[in-house]
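# Chains, contacts and geometry: an overview
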Amino acid sequence: MRDGNGMRVARFGIGIVAVAVIGMGLGAGHAAAGAPIAQPDQGRVGVALSHDETAAIAGGPLPAVVSMFVPLSRMGAGLHPDTNIYKDDKGGVHASLRQVVMEAADHPDGSVIVYFNAPGTRGGRVLDIYQAWD
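Rules behind the numbers
- Every chain is numbered independently, its residues counted from 1 as its sequence is written.
- Residues qualify for local features only when their pLDDT is at least 70, as the model is predicted, and side-chain atom pairs are given and counted only at 80 or more; totals for whole chains, interfaces and linings, by contrast, use all residues.
- Each side-chain value is derived from all of the structure's non-hydrogen atoms; neither hydrogens nor water enter the calculation.
- On a scale of 0 to 100, pLDDT captures the predictor's confidence in every residue.
- Each helix corresponds to a stretch of at least 4 residues labelled H or I by DSSP, and each strand to a stretch of at least 2 residues labelled E; elements are numbered beginning at the N terminus.
- Contacts were defined at the residue level, with two residues in contact if any of their heavy atoms lie within 4.5 Å.
- At least two DSSP bridges between two strands are required for those strands to pair.
- To get an axis, a line is fitted to the C-alpha atoms, and for a helix only the part in contact is used. The angle between two axes follows their N-to-C directions and goes from 0 to 180 degrees.
- Each residue gets one of three labels from its accessible area relative to the maximum for its type: buried under 20%, exposed over 50%, partly exposed in between, using a 1.4 Å probe on protein chains only.
- Only buried residues count toward a nonpolar core. Its members are Ala, Val, Leu, Ile, Met, Phe, Trp, Tyr and Cys residues joined through side-chain atoms within 4.5 Å.
- Two rings belonging to Phe, Tyr or Trp (six-membered ring only in the last case) form a pair when the distance between their centres is within 6.5 Å. Interplanar angles under 30 degrees mark stacking, angles over 60 mark edge-to-face geometry, and anything in between is tilted.
- In this scheme, Lys NZ or Arg CZ marks a charge over a ring once it lies within 6 Å of the ring centre and within 35 degrees of the ring normal.
- Oblique is the label for any angle not under 35 degrees, not over 145, and not in the 65 to 115 range, which are roughly parallel, roughly antiparallel and roughly perpendicular in turn.
- Left-handed describes a crossing whose near helix is turned anticlockwise from the far helix by less than a right angle; the clockwise case is right-handed.
- Polar here means any residue outside two lists: the nonpolar Ala, Val, Leu, Ile, Met, Phe, Trp, Tyr, Cys and Pro, and the charged Asp, Glu, Lys and Arg; Gly therefore counts as polar.

Moving on, we get to the confidence of the model for the protein chain. Confidence in the prediction for the protein chain averages 82 pLDDT; 75% of positions are at 70 or higher. Looking across the protein chain, the model is least confident in helix α1 (residues 4–27), with a mean pLDDT of 48, and most confident in helix α4 (residues 97–105), with 97. This stretch, residues 24–31, has a pLDDT under 50; its non-local contacts, to residues over four places away or in other chains, come to 15 contacts.

Okay, structure coming up:
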């Protein structure tokens, strides 16, 4: 059941996550925190992080902070085909946010794209993260 307060909490949580990702990117020593991505037709906005930004986030407190506000059941992960992370036959990813980010960061050209989903979209997921490397 949704009410005005619940929607405010969801927006507040998404805002905290967005600010944390942007702040960590800036703290990684870059002038800008990733490349913004807007997909209004899919109800989400995101940021494509560089390898250095991905590594900084993997080694910092951000994954734990995000997990305090967004439970794993509200996160989705798009794993690279060469991942070592276990994915069950129903598509469930059995890893923490830190493990998903760290696996990408462990590759010389590895990075992640993080999407923040509008409330009530994408199966109720608040955050989706996709790994990338060559």
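Here the narrative resumes.
Strand order across the open sheet formed by five strands is β1-β2-β4-β5-β3, with mixed pairing between neighbours. At either margin of the open sheet sits one strand with a lone partner, and together these are β1 (35–39) and β3 (75–78). Sheet twist, expressed as the average angle between the axes of neighbouring strands with direction ignored, equals 20 degrees. In this sheet, strand β5 (residues 127–132) lies alongside β3 in parallel orientation, the contact comprising four bridges. Bridged to A77 within β5 is I129. The sheet contacts of α4 involve β3, β4 (111–117) and β5, and relative to β5 the element is tilted by about 25 degrees.

Attention now moves to unusual backbone geometry. At R122, a residue that is not glycine, the phi angle is positive and equals roughly 50 degrees. Note on placement: R122 falls in the loop between β4 and β5. A relative accessible area of 26% means that R122 is categorised as partly exposed.

This brings us to the nonpolar core. In terms of nonpolar packing, the biggest core is built from 22 residues, with V66, L97, V114, L127 and I129 touching the most fellow members. The element contributing the most residues to this core is α4, with five residues. Excluding residues within four positions of it along the chain, L97 makes contact with P63, V66, S67, L72, M75, L127 and I129.

Checked against the element boundaries, P108 lands in the loop between α4 and β4. Each C-alpha atom, one on P108 and one on H51, is 7.5 Å from the other, the two residues being 57 residues apart in sequence.

Turning our eyes to something else, we now look at the packing of aromatic side chains. Throughout the structure, instances matching the rule amount to one aromatic pair. For the ring pair Y115 and Y130, a centre distance of 5.7 Å and an interplane angle of 85 degrees mean the geometry is edge-to-face. Separated by 15 residues along the polypeptide, Y115 in strand β4 and Y130 in strand β5 bring together distant segments of the chain. Y130 gets classed as partly exposed once you look at its relative accessible area, which sits at 28%. The lysine or arginine in question, R44, covers the ring of Y115, its NZ or CZ lying 3.8 Å from the ring centre.

On to the packing of helix α2 (residues 51–58) against α4, then. The interhelical angle for the contact between α2 and α4, taken along N-to-C directions, is 140 degrees, at an axis separation of 8 Å. Relative to α4, the element α2 is oriented oblique. Note on packing geometry: the crossing formed by α2 with α4 is left-handed. Counting all contacts with α2, which are made through H51, T54, A55, I57 and A58, the residues of α4 involved are R98, V101, M102, A104 and A105. Grouping the amino acids of the contact of α2 with α4 by side-chain chemistry returns seven nonpolar, two polar and one charged.

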